[in-house]
Amino acid sequence: MADLQGFINHSFPNLPSLERLNLTADSISQKRETLVSKFNQTSSVQIDNAVLLVSKIKEILGSTASDDDKIGQLTQLRHDYGSTDFMVNVIQKFQESVAIRRLQMKSSLLEAIQHQGPFSINSIKEISSNAFQLADSDVNDSLHDTIMDSIEEKKALLNELYHRIDSWDKMDSKDISHFVNINSQLHDLIVLQTLDPVLSASKLHLVAFESLLSTNLQVKFAFHFSGKKKTNNISKPEWWVDYLLKWLDQHASLFNLHFSVSLKDTIYQETFFIDHLITAVREICREKICSDLDMLLAHENQSLLTHFIGELRRLDKSLSDNFYWSSSGFIDTFILENDQVFATWLQNECRFSFNRFDDIINTDLQAFEIDLDSNLKGEVKSTKSSLNLKILIENTTKNYENMNNLNKQLKFLSEIQLALLNSYYQRLEEGLKSFESIYMKRPIDHNSSLNASSIERLFRIICSLKFMIFQLEHWSQELVFVSLWEVINKDRSATDNSSSTTFFYSIISHYQKLVKKCNHDLILIMEREIQSLMKSYFSLNDWSSIENPDSSLSAELEFPVKALANILTFVENLISTADYLSFKKEISKLLSAYIISNIIHLNRFNHAGVSNLKYDVQHMWRQLALPKDESYRAINKELALKH
């Protein structure tokens, strides 16, 4: 007590200091009350959170969600509320109860499958539903064996019923109950397959339709196209393809009429009967097709493989066109899903395409001759090589346009078509360089046909380029290429400019640049020709000494006008109307520049001389049908200054 008194006297010697003591005590008291309040609030929040957590756990455990989903939701709660011992214990106990329940369920299901029977469709449905929830391989295997026994019993019964059908070609049995019985058994087969955890996942066709074809098409197909029969010939796939198409044409409607009711009240009731029938037909051919492909891969004549695949493609197209078959086709099933077969086929197509390209370019001496009859007047003419290349590329498109495999479609496009187009561009580029080194300084021989002139040789390159540009732009709008481009660019941003182009954009751009070089050379040739043709007209006239105006064309211009007219007619037959109008505009520009620079600016004129030159210009433009554009008007403006 004495120590406390001494502390107070020492620390608070006067009245003001005692007042500070009161303030300090009040502050301490307030802080204490604040801390107590915060503690109470925290305790209240923790209690509320605990109550909410327990409520959520009860809600999860009482829901109809699967056990795996419940475990996932409990794990998320542990993440949200913290990994407490309580949550760890809840999850562990639930997992233990799930494991015990699964073992009990497995034991019960195995007991039911192995020791009960015979099974009805309804009892199998109940077992299958529980087996699906359990997802245990032992139970699935046991259930599969049981269902397969039932399926074999149904198939045996159906075989007896099939043999009572007088004619599969007519199926006009008067006993309607017979077909009712068949449809009932087919319906049960379809249901059994959908309940089988193994068969439903692995089978791409319905066992019921396999059974339906077992005593008619399957037997006949095996008789004709297996073993040592002459009709079993790997070089003649068209024989069995035509056989299948004929059978379907004769029987598909009959089968649909009599047996489509079997799909009713199954998961397939909204699907098309014909689709399932054709899929079963495809499976009948599986063994033969796979066997033939193995032999064709090892055969020295690889063209047989190409022919075989071509027949499969024809079969797919016929099934699609005539029966609207939308399932996985023969090409998809037997070619695209077999990497070795596809790789060999692609390699063969590459070899064929580039050998054909070599024939088009190097073997044919008339490869770059212009075909004046290839298109109508006003359209760009093709060369023989560009037309043959178009056919080659379009035939390649037919190989893959209906494939359901993007990567394999792109292999055909990139390894064959784009490569061919690039090779053709390189050849034309080399041709232009060769032309520039040989023909650019040669004058046009106007005394012989223009078909052998330098201008004709240049137009061989121009027509080849422009015809291919036209085709590339056309192909860019075809569905197969538009679809491929959309698939490739579906994840690109809207600001990515490349997504607005096509597969052929880059090649078109290169081809167009080469056309510009050709046009530049063409203008240089025409400029030189105009200077040569107009030389005599320039040197033999004195426009300052003419006494009387002459409204007729000067004699010195008759040959130049005729020569230019021949060139214009020749060019008009080779290129499009729009390109021809541009060419005439360039001729007008070149003539105007020559007249202004070499005649008007370098000569003196009297009134009659101005009139004569005006008449000559008017005659030239009229006879050559040149546009009276700014180039033409520029001559008149210059002559007006000579008065």
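Just above, that's the structure.
For clarity, every value in this text was computed on a predicted model and none was experimentally measured. (Residues numbered from 1 in each chain as written. Predicted model: local features only at pLDDT ≥ 70, side-chain atom pairs only at ≥ 80, totals over all residues. Heavy atoms only, no water.)

K.L.:
Explain the overall build of the protein residue by residue, including any values.
P.N.:
Secondary structure assignment for the protein yields 25 helices and two strands. A total of 643 residues make up the protein; the buried ones form 42% of that total. The contacts of the protein with a sequence gap of at least 6 include a subset with a gap of at least 24, amounting to 72%. As displayed, the protein has an accessible area near 35,700 Å², and 52% of this comes from carbon and sulfur atoms. (Helix = DSSP H or I, 4+ residues; strand = E, 2+ residues; numbered from the N terminus. Buried < 20%, exposed > 50% of the residue type's maximum accessible area, 1.4 Å probe, protein only. Contact = heavy atoms within 4.5 Å. Areas by Shrake-Rupley, 256 points an atom, 1.4 Å probe, with all protein chains shown as cover.)

K.L.:
Any details on the side chain of Glu349? Residues and values, ideally.
P.N.:
For Glu349, the position within the fold is in helix H15 (residues 339-363). As a buried residue without a salt bridge, Glu349 has its nearest oppositely charged side chain in Arg313, at a separation of 6.5 Å. When near neighbours in sequence (up to four residues on either side) are disregarded, Glu349 contacts Thr306, Asn399, Phe412 and Ile416. (Lys, Arg positive; Asp, Glu negative; His and termini not counted. Salt bridge = Lys/Arg side-chain N within 4 Å of Asp/Glu carboxyl O.)

K.L.:
Can you lay out helix H17 (residues 406-438) for me, pointing to particular residues and giving the numbers?
P.N.:
With 33 residues, H17 should cover 48 Å at 1.5 Å per step; its first-to-last C-alpha distance of 47 Å lies within 8% of that length. Within H17, the axis deviates most sharply at Ser414, by approximately 30°. Two to three positions downstream of the cap, the backbone nitrogen of Asn407 sits 3.2 Å from a side-chain oxygen, assigning the N-cap of H17 to Asn405. (Expected span 1.5 Å × (residues − 1). Bend = angle between axes of the 7 residues up to and from the residue. Polar contact = N/O pair within 3.5 Å; in protein donor to acceptor, adjacent residues only side chain to side chain.)

K.L.:
Before we move on, can you summarise the nonpolar core with the specific residues and values?
P.N.:
Within the largest apolar cluster, 166 residues are counted, with the highest numbers of intra-cluster contacts made by Phe209, Trp240, Leu421 and Leu591. Contacts of Trp240, omitting those with residues within four sequence positions, involve Phe221, Phe225, Cys285, Lys288, Ile289, Asp292, Phe308, Leu312 and Leu315. (Core = buried A, V, L, I, M, F, W, Y, C linked by side-chain atoms within 4.5 Å.)

K.L.:
An account of a negative patch on the surface is needed here, citing residue identities and associated values.
P.N.:
There is a patch of like negative charges on the surface, built from Asp141, Asp145, Asp149 and Glu153. The topology assignment puts Glu153 in helix H6 (residues 137-162). Glu153 gets classed as exposed once you look at its relative accessible area, which sits at 58%. (Patch = residues over 30% accessible without salt bridge, like charges linked within 9 Å, V, L, I, M, F, W, Y side chains within 5 Å. Charge placed at Lys NZ, Arg CZ, Asp CG, Glu CD.)

K.L.:
So what about the pattern of salt bridges? Which residues, and what values?
P.N.:
Using the criterion set out here, one finds 18 salt bridges in the structure. Here Lys155 makes a salt bridge to Glu152, at a shortest N to O gap of 3.8 Å. With Lys155 and Glu152 both in helix H6 and three residues apart, this pair spans about one turn of that helix. For Arg460, the salt bridge is made with Glu369, and the minimal N-O distance between the two is 3.1 Å. Separated by 91 residues along the polypeptide, Arg460 in helix H18 (residues 454-475) and Glu369 in the loop between H15 and strand E1 (370-371) bring together distant segments of the chain. Exposure remark for Arg460: the relative accessible area of 16% places this residue in the buried category. For Glu369, a relative accessible area of 31% corresponds to the partly exposed category. Salt bridges here are not isolated pairs; linked through shared partners, they connect Asp242, Glu311 and Arg314.

K.L.:
Account for the packing of H6 against helix H7 (residues 176-195), with residues named and values stated.
P.N.:
Two numbers describe how H6 lies on H7: the axes approach to 10 Å, and their chain directions differ by 160°. Between H6 and H7, the crossing angle belongs to the class labelled roughly antiparallel. Where H6 crosses over H7, the two elements pack in a sense that is left-handed. Together, Leu143, Ile147, Ser150, Ile151, Lys154, Lys155, Leu157, Leu158, Leu161 and Tyr162 of H6 and His178, Asn181, Ile182, Gln185, Leu186, Asp188, Leu189, Leu192 and Leu195 of H7 make up the contact between the two elements. Tallied by class, the residues present in the contact of H6 with H7 amount to twelve nonpolar, four polar and three charged. (Axes fitted to C-alpha atoms, helices over the stretch in contact; angles between N-to-C directions. Parallel < 35°, antiparallel > 145°, perpendicular 65-115°, else oblique. Left-handed = near helix turned anticlockwise from the far one by under 90°. Nonpolar A, V, L, I, M, F, W, Y, C, P; charged D, E, K, R; others polar.)

K.L.:
Describe in detail the environment of Ala640, supporting the description with residues and values.
P.N.:
Note that Ala640 resides in helix H25 (residues 630-640). Ala640 gets classed as partly exposed once you look at its relative accessible area, which sits at 46%. In sequence terms Ala640 and Val610 are 30 residues apart; their C-alpha atoms lie 8.4 Å from each other.

K.L.:
Mind laying out the packing of helix H11 (residues 237-259) against helix H12 (residues 273-298), listing which residues take part and the relevant values?
P.N.:
Between H11 and H12, whose axes approach to 9 Å, the crossing angle comes to 150°. The angle between the axes of H11 and H12 places the two elements in the roughly antiparallel class. Considering the relative orientation of H11 and H12, their crossing is right-handed. Only Phe273, Ile274, Leu277, Ile278, Val281, Cys285, Lys288, Ile289 and Asp292 of H12 make contact with H11, whose side of the interface consists of Trp240, Leu244, Trp247, Leu248, Ala252, Phe255, Asn256 and Phe259.

K.L.:
Outline helix H16 (residues 384-400), listing residues and values.
P.N.:
Under the 1.5 Å per step criterion, the end-to-end length of H16 is 26 Å for 17 residues, consistent within 8% with the ideal 24 Å. Among all positions in H16, only Ser385, Ser386, Asn388, Leu389, Lys390, Leu392, Ile393, Thr396, Thr397, Asn399 and Tyr400 are buried. Looking at the buried residues of H16, the elements they touch are helix H13 (303-323), H15, strand E2 (382-383), H17, H18 and helix H19 (479-489).

K.L.:
So what about the packing of aromatic side chains? Which residues, and what values?
P.N.:
One pass over the full model with this rule turns up 19 aromatic pairs. Between the aromatic rings of Tyr425 and Tyr511, the centroid separation amounts to 5.7 Å while the plane-to-plane angle is 35°, which identifies the pairing as tilted. You can see Tyr425 sitting in helix H17 and its partner Tyr511 sitting in helix H20 (residues 505-533), a full 86 residues away along the chain. Ring plane angle 55° and centroid distance 5.5 Å describe the contact between Trp621 and Tyr632, whose orientation is recorded as tilted. Of the two residues, Trp621 sits in helix H24 (residues 607-623) while Tyr632 sits in helix H25, which places them eleven residues apart along the sequence. On the accessibility criterion, Trp621 (1% relative accessible area) is buried. Given the relative accessible area of 8%, Tyr632 is considered buried. (Phe/Tyr/Trp six-rings, centres within 6.5 Å; stacked < 30°, edge-to-face > 60°.)

Functional significance is not addressed by these values, which are geometric in nature.
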